[in-house]
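Structural overview for review
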Amino acid sequence: MKKLIGLKKTKTAVFISGTGSNLKNLIKFSNTKKSPISVNLIISNTKKAKGLRYSNKYNIKKKIINFNNNMIAEKKILDFLIKKKIMFICLAGFMKILSKNFIKKFKGKILNIHPSLLPKYKGLNVHKRVIKNKEKISGCTVHYVSTQLDSGKIIMQKKVKIFKNDTAISLAKKILKKEHELYPAAIRKILN
Ligand code: GRF
């Protein structure tokens, strides 16, 4: 019975470059009955990504792709995605920019999580900039990936309050916690 339910889940690849707390969270989510996805592949652009440890821990195939040449890298990724019958992609702290060509091939099937209330604070060093600007509220966003950086259609957001004693580090921590609620919720919103 469980196997039958499992078969209905959309096969998903998670792309990472770092710690992988969102990856771990998505794997745990995907192992629940209510999840519409199963994480079947982890892609990283670097062997140094700490999140790669979850490949062994949860028995999920991993591929480390060298991005010295973007076109070759994306071709390799596409081959793996086809081989593993992957239909959905979650970017989770993936630090490489995918080409228009790649994004078009997976139109509407690539999500990203960003640690700000988009369209505010696109790009890097978000929390530092937010604190510097003395914002009172920040948060996180899950959005479709489009050919413009951090600009695809927004699926869901969660807000956090910023207090006077917050630093970029404390804010990052608070937001990451919210991210772990938001990513599964956004996936359920569009795939259920
Ligand atoms: C998260 O803050 C995410 O929003 C951003 O990169 C960070 C990745 O964290 N895109 P982790 O590797 O999932 O812990």
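The rules behind each value
- Residues numbered from 1 in each chain as written.
- Predicted model: local features only at pLDDT ≥ 70, side-chain atom pairs only at ≥ 80, totals over all residues.
- Heavy atoms only, no water.
- Patch = residues over 30% accessible without salt bridge, like charges linked within 9 Å, V, L, I, M, F, W, Y side chains within 5 Å.
- Areas by Shrake-Rupley, 256 points an atom, 1.4 Å probe, with all protein chains shown as cover.
- Salt bridge = Lys/Arg side-chain N within 4 Å of Asp/Glu carboxyl O.
- Lys, Arg positive; Asp, Glu negative; His and termini not counted.
- Charge placed at Lys NZ, Arg CZ, Asp CG, Glu CD.
- Helix = DSSP H or I, 4+ residues; strand = E, 2+ residues; numbered from the N terminus.
- Buried < 20%, exposed > 50% of the residue type's maximum accessible area, 1.4 Å probe, protein only.
- Contact = heavy atoms within 4.5 Å.
- Near = heavy atom within 4 Å.
- Polar contact = N/O pair within 3.5 Å; in protein donor to acceptor, adjacent residues only side chain to side chain.
- Nonpolar A, V, L, I, M, F, W, Y, C, P; charged D, E, K, R; others polar.
- Pairing = 2+ DSSP bridges.
- Right-handed = clockwise from strand over helix to strand, strands pointing away.
- Core = buried A, V, L, I, M, F, W, Y, C linked by side-chain atoms within 4.5 Å.
- Expected span 1.5 Å × (residues − 1).
- pLDDT = per-residue confidence, 0-100.
- Axes fitted to C-alpha atoms, helices over the stretch in contact; angles between N-to-C directions.
- Parallel < 35°, antiparallel > 145°, perpendicular 65-115°, else oblique.
- Left-handed = near helix turned anticlockwise from the far one by under 90°.

**Let's talk about a positive patch on the surface**
Taken together, Lys-28, Lys-50, Arg-53 and Lys-57 make up a surface patch of like positive charges. Considering the arrangement of structural elements, one finds Lys-50 in the loop between strand E2 (37-44) and helix H3 (53-58).

**Structural notes on the environment of Asn-192**
Of note, Asn-192 is situated in the segment after helix H7 (168-191). In this structure Asn-192 comes out as exposed when scored by relative accessible area, which is 59%. When the C-alpha atoms of Asn-192 and Ser-35 are compared, they prove to be 8.5 Å apart, with 157 residues separating the residues in sequence. Setting aside chain neighbours within four positions, we find Asn-192 in contact with Lys-34, Pro-36 and Ile-187.

**Considerations on the site of the ligand**
All residues adjacent to the ligand are Thr-19, Gly-20, Ser-21, Asn-22, Gly-93, Ile-113, His-114, Pro-115, Leu-176 and Glu-179. Here Gly-20 contributes a backbone N or O atom positioned 2.8 Å from an oxygen atom of the ligand. In the model, an oxygen atom of the ligand is placed 2.6 Å from a nitrogen or oxygen of the Ser-21 side chain. Only helix H2 (21-30), strand E5 (110-114) and H7 provide two or more residues apiece to the shell around the ligand. The class makeup of the residues in the shell around the ligand is three nonpolar, six polar and one charged.

**Some thoughts on the pairing of strand E1 (residues 10-16)**
With five of its seven residues buried, E1 lies for the most part within the structure. As defined by bridge partners, E1 adjoins E2 across seven bridges and the pair is classed as parallel. What sits directly across from Ala-13, in E2, is Leu-41. Read as a crossover between parallel neighbours, the route from E1 over H2 to E2 is right-handed. Pairing analysis gives four bridges linking E1 to strand E4 (residues 88-91), with the strands arranged parallel. When the bridges of E4 are listed, Ala-13 appears paired with Ile-89.

**A look at the nonpolar core**
In this structure, Val-14, Ile-16, Val-142, Tyr-183 and Ile-187 are the most contacted members of the largest nonpolar core, which totals 32 residues. Ranked by residue count, the leading element in this core is H7, at six residues. By size, the runner-up hydrophobic cluster in this structure holds 21 residues, among which are Phe-80, Leu-81, Ile-89 and Phe-94.

**Describing helix H4 (residues 70-83)**
Under the 1.5 Å per step criterion, the end-to-end length of H4 is 20 Å for 14 residues, consistent within 8% with the ideal 20 Å. Turning to H4, the residues buried within the fold contact E1, E2, strand E3 (61-64), E4 and helix H5 (100-105). Its side-chain oxygen at 2.9 Å from the backbone nitrogen of Met-71, Asn-69 defines the N-terminal cap of H4. Directly beyond the C-terminal end of H4, a positive phi value near 55 degrees is found at Lys-85.

**Observations regarding the confidence of the model for the chain**
In the predicted model, the chain carries a mean pLDDT of 95, and 96% of its residues have values of at least 70. In the model, residues 1-6 has pLDDT below 50 throughout and makes one contact with residues more than four positions away in sequence or in other chains.

**Here's the deal with the packing of H2 against H7**
Between H2 and H7, the least distance of the axes is 10 Å, while the angle of their chain directions is 45 degrees. Here H2 is positioned oblique relative to H7, judged by the angle of their axes. In the crossing of H2 with H7, the sense of the turn from one axis to the other is right-handed. Between H2 and H7, the residues in contact are Ser-21, Asn-22, Asn-25, Leu-26 and Phe-29 and Leu-176, Glu-179, His-180, Tyr-183, Pro-184, Ile-187 and Arg-188, respectively. Of the residues belonging to the contact of H2 with H7, the class tally is six nonpolar, four polar and two charged.

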